[in-house]
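If you want the building blocks of each chain, they are given just below.
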Amino acid sequence: MNTQTLVVIKENCPQNHPCPSVRICPVGALKQNGFQAPTVDMEACIRCGKCTRFCPMNALRLA
């Protein structure tokens, strides 16, 4: 079992556009309300890292 946690680094997220990583998540674990920084459903997250590699601002990290 992967015990890593997906962390959203709000300081790196411009929060002025739809998050491109939300649509990349294969299980829908990332959600976005308006243009706010995305939130993570850790129960749904499979910790594949696709969103972390896709985020142009490096605002998503597995820790």
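Note that the structure is predicted; figures quoted are calculated from it, not measured. (Residues numbered from 1 in each chain as written. Predicted model: local features only at pLDDT ≥ 70, side-chain atom pairs only at ≥ 80, totals over all residues. Heavy atoms only, no water.)

## Remarks on the side chain of S21
Inference 1: Looking at the element boundaries, S21 is found in the loop between strand 1 (6-8) and strand 2 (30-31).
Inference 2: In this structure S21 comes out as buried when scored by relative accessible area, which is 0%.
Inference 3: The contacts of S21, once residues within four sequence positions are left out, are L30, C51, F54, C55 and L60. (Helix = DSSP H or I, 4+ residues; strand = E, 2+ residues; numbered from the N terminus. Buried < 20%, exposed > 50% of the residue type's maximum accessible area, 1.4 Å probe, protein only. Contact = heavy atoms within 4.5 Å.)

## Examining the nonpolar core
Inference 1: Judged by nonpolar contacts, L6, C13, C25, A29, L30, A37, C45, C51, C55, A59 and L60 together constitute the single largest core of 11 residues.
Inference 2: When sequence neighbours within four positions are dropped, the list of residues in contact with L30 reads L6, S21, V22, C25, P38, T39, V40, C51 and L60. (Core = buried A, V, L, I, M, F, W, Y, C linked by side-chain atoms within 4.5 Å.)

## Considerations on the state of the cysteines
Here a disulfide denotes one covalent bond, and it connects the sulfur atoms of two cysteines.
Inference 1: Taken as a whole and judged by the stated rule, the model has 0 disulfides.
Inference 2: With no disulfide of its own, C13 lies closest to C19 among cysteine sulfurs, the gap being 6.2 Å.
Inference 3: When its relative accessible area of 14% is taken as the criterion, C13 is described as buried. (Disulfide = S-S within 2.5 Å.)

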